[in-house]
Amino acid sequence: MASKFIDVREYTVRAHKRQIHTRVFQFVCKECNDLTKRETFGPRPLYCERCRPPQPPKKSQPASHKAKPRAMSYKSDIDLN
Ligand SMILES: [Zn+2]
């Protein structure tokens, strides 16, 4: 097979929807070292379902933007002298 290098220009991909599929990975769990299978959308998982149970899909709940306590210096209007 012939091969050659071509220049690929940089380009931006527009936002779009794409259908992705799960894959079943067979791997050794990092925690219990058991050979296991796991179906995932993403990259190869590291842990089996016993060690890391699948999380329910996160619901888009408004993130709590509570003000963090921070150090403040208060000035008193009352002059103690
Ligand atoms: Zn495990």
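Residues numbered from 1 in each chain as written. Predicted model: local features only at pLDDT ≥ 70, side-chain atom pairs only at ≥ 80, totals over all residues. Heavy atoms only, no water.

### Thoughts on the overall build of the chain
Okay, step 1: Within the chain, the secondary structure is distributed over zero helices and two strands.
Okay, step 2: Taken over C-alpha atoms, the radius of gyration comes to 26 Å for the chain, far larger than the 12 Å a tight globule of 81 residues would show.
Okay, step 3: Projecting the C-alpha coordinates of the chain onto the three principal axes gives extents of approximately 90 × 45 × 25 Å.
Okay, step 4: Counting only residues that meet the buried cut, the chain has 11% of its 81 residues in that class.
Okay, step 5: In the chain, once contacts between residues fewer than 6 apart in sequence are set aside, the share between residues at least 24 apart is 0%.
Okay, step 6: Surface accessibility of the chain: about 9,400 Å² in total, with carbon and sulfur atoms responsible for 52%.
Okay, step 7: Counting 18 positive and 8 negative side-chain charges, the chain places the centres of these two groups 7 Å from one another. (Helix = DSSP H or I, 4+ residues; strand = E, 2+ residues; numbered from the N terminus. Rg over C-alpha atoms; globule rule 2.2 N^0.38 Å. Buried < 20%, exposed > 50% of the residue type's maximum accessible area, 1.4 Å probe, protein only. Contact = heavy atoms within 4.5 Å. Areas by Shrake-Rupley, 256 points an atom, 1.4 Å probe, with all protein chains shown as cover. Lys, Arg positive; Asp, Glu negative; His and termini not counted. Charge placed at Lys NZ, Arg CZ, Asp CG, Glu CD.)

### Thoughts on the coordination of the zinc ion
Okay, step 1: Coordination of the zinc ion by the protein is provided by Cys 29 (SG), Cys 32 (SG), Cys 48 (SG) and Cys 51 (SG), with metal-donor distances spanning 2.3 Å.
Okay, step 2: Considering all four donor atoms around the zinc ion, angles at the metal cover 104 to 115° and the coordination shape is tetrahedral.
Okay, step 3: All donors to the zinc ion come from one chain, and their sequence spacing reads C-x2-C-x15-C-x2-C. Taken as a pair, Cys 29 in the loop between strand 1 (23–28) and strand 2 (35–40) and Cys 51 in the segment after strand 2 lie far apart in primary sequence, 22 residues in all. Taken as a pair, Cys 29 and Cys 51 share a single burial class, namely buried. (Donors = N, O, S within 2.8 Å, 3.2 Å for Na, K, Ca; no water. Tetrahedral: all angles 85-135°; square planar, octahedral: opposite > 155°, others 65-115°.)

### Side note on the pattern of salt bridges
Okay, step 1: Throughout the structure, instances matching the rule amount to two salt bridges.
Okay, step 2: For Arg 52, the salt bridge is made with Glu 31, and the minimal N-O distance between the two is 3.2 Å. Taken together, the positions of Arg 52 in the segment after strand 2 and Glu 31 in the loop between strand 1 and strand 2 put the pair 21 residues apart, joining distant regions of the chain.
Okay, step 3: Between Asp 34 and Arg 50 there is a salt bridge, with the nearest N and O atoms lying 3.4 Å from each other. Here Asp 34 is found in the loop between strand 1 and strand 2, whereas its partner Arg 50 is found in the segment after strand 2, with 16 residues between them in sequence.
Okay, step 4: For Asp 34, a relative accessible area of 34% corresponds to the partly exposed category. (Salt bridge = Lys/Arg side-chain N within 4 Å of Asp/Glu carboxyl O.)

### What to know about the pairing of strand 1
Okay, step 1: Pairing of strand 1 with strand 2 involves six bridges; the strand directions are antiparallel. From the neighbouring strand, Val 28 faces strand 2, where its bridge partner is Leu 35.
Okay, step 2: Where strand 1 folds back onto strand 2 in an antiparallel hairpin, the turn is made up of six residues, including Asn 33, whose phi is positive at roughly 60°. (Pairing = 2+ DSSP bridges.)

### Focus: the packing of aromatic side chains
Okay, step 1: Scanning the model with the defined rule gives zero aromatic pairs in all.
Okay, step 2: The side chain of Arg 52 reaches across the aromatic face of Tyr 47, ending 4.1 Å from its centre. (Phe/Tyr/Trp six-rings, centres within 6.5 Å; stacked < 30°, edge-to-face > 60°. Lys NZ or Arg CZ within 6 Å of the ring centre and 35° of its normal.)

### Re a nonpolar patch on the surface
Okay, step 1: On the surface, Ile 6, Val 8, Tyr 11 and Val 13 cluster together to form a nonpolar patch covering roughly 490 Å² of accessible area.
Okay, step 2: Given a relative accessible area of 51%, Val 13 falls into the exposed group. (Patch = residues over 30% accessible without salt bridge, like charges linked within 9 Å, V, L, I, M, F, W, Y side chains within 5 Å.)

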